[in-house]
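Fold and contact review
Chain by chain, the residues:
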Amino acid sequence: MIKRKQIAGMNQNYRQYSYDYFLESQAMAGYQSVELWLGAPHFWVDSCSWSDCKTIRQKTNAVGLAIVAATTPSGGAFQYQYGAQESFHRERSIDYFSNGVRLTAELGAKIMTINSGWGYWNDKYDTTFARSAEIINAVAEVAQTEGVMLALESLTGDETRTGYTIDQIKSLVAVVDSPSLYLMVDIVATGYSKEKSQQWFDAFGEKVIHYHFQDGDVTNPSAEHYVWGDGEFKLEEEMKCLIHNDYRGYLTQEICGSSDPRKDDIRNMRVLSRFLED
């Protein structure tokens, strides 16, 4: 069985709500762990500084929630990415993600999630790959100093040409070759590439330390992240895979786009509960 404490909530779905409301919702749903999305309005981090997180850490721990991981935002809506091609952009991205590592450490979390970035799609693959490896390597050096493990996930083929398959991720891991670099599985991204969780365990074994674990689409693969039961993924099959591989890491519920995130978190935990033990 999977332990209840392995299921982690996430504040990304609560960007229109206060942090206190998020904490109250997690307690109501029955979460014991959280992964924190380090974006506004709950946090501030950029290439120059980051917000004081002592109050956030105290508030979170005070309601019985453990901060187990963090995600420093990257994506189409953000100016920082792991595949930045221009030198100025690349330098600022390294500074930004390095500050994210420092903020993660101050929060008391041991894991920060990362991805390959995407670079310019009209560049040669070798060029974009080299830039991604350069940035990840620089951030990994900071992570090693701070005692933080970087958990590298794949993206979808609609998001990147550099890191959306197991083989591409294998190549990045081999080139960076850092003791602070580990793997995570986002089953929406792996599902998009028609990869099974077992393939990741076969490829990386105990280096798989983290999951973004939510329902998604199969018939028409997309980047949507749903409450369990609202998509087409086979929850029982996924759970069997985790148990078979004696997975001890966290399963973050990266649910996105909810009109009522509190209601969805409560509903999601009810679905998961039959697979959990205290």
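It should be noted that the structure appears before, not after, this text.
Presented here is an overview of the structure given in this document.

Parameters at a glance
- Going along each chain's sequence as written, the residues are numbered from 1 onward.
- The predicted nature of this model means local features are confined to residues of pLDDT at least 70 and side-chain atom pairs, given and counted, to a pLDDT of 80 or more, with totals for whole chains, interfaces and linings taken over all residues.
- Excluding hydrogens and water, the side-chain values take into account all heavy atoms of the structure.
- For each residue, the accessible area found with a 1.4 Å probe, counting protein chains only, is set against the maximum for its type, and the residue is called buried under 20%, exposed over 50%, and partly exposed in between.
- Note on conventions: DSSP H or I runs of at least 4 residues are helices, E runs of at least 2 residues are strands, and numbering of each starts at the N terminus.
- One requirement defines pairing of two strands: DSSP has to find at least two bridges between them.
- When the strands point away from the viewer and the connection leading from the first strand across the helix to the second strand turns clockwise, the crossover is called right-handed.
- In what follows, a contact means two residues having at least one pair of non-hydrogen atoms within 4.5 Å.

Some thoughts on the pairing of strand β2 (residues 7–10)
The side-chain alternation of β2 yields two buried faces, one formed by Ile7 and Gly9 and the other by Ala8 and Met10. Note that β2 and strand β9 (residues 250–252) share two bridges and pair parallel. By the bridge assignment for β9, Ala8 is matched with Thr252. As judged from the three bridges shared by β2 and strand β3 (residues 33–37), these two strands associate in the parallel manner. Bridging across to β3, Gly9 finds its partner in Val34. In this view, the connection linking β2 to its parallel neighbour β3 by way of helix α1 (residues 19–29) has right-handed handedness.

What to know about the environment of Tyr164
Turning to its location among the elements, Tyr164 is positioned in the loop between β6 (149–152) and α5 (166–176). Given a relative accessible area of 28%, Tyr164 falls into the partly exposed group. In the structure, Tyr164 is positioned 85 residues away from Gly249 in sequence and 22 Å away in space, judged by C-alpha atoms. Not counting chain neighbours up to four residues away, the residues in contact with Tyr164 comprise Ser154, Leu155, Thr156, Gly157, Ser193 and Glu195.

It is worth stressing that arrangement in space is one thing and function is another; only the former is reported here.
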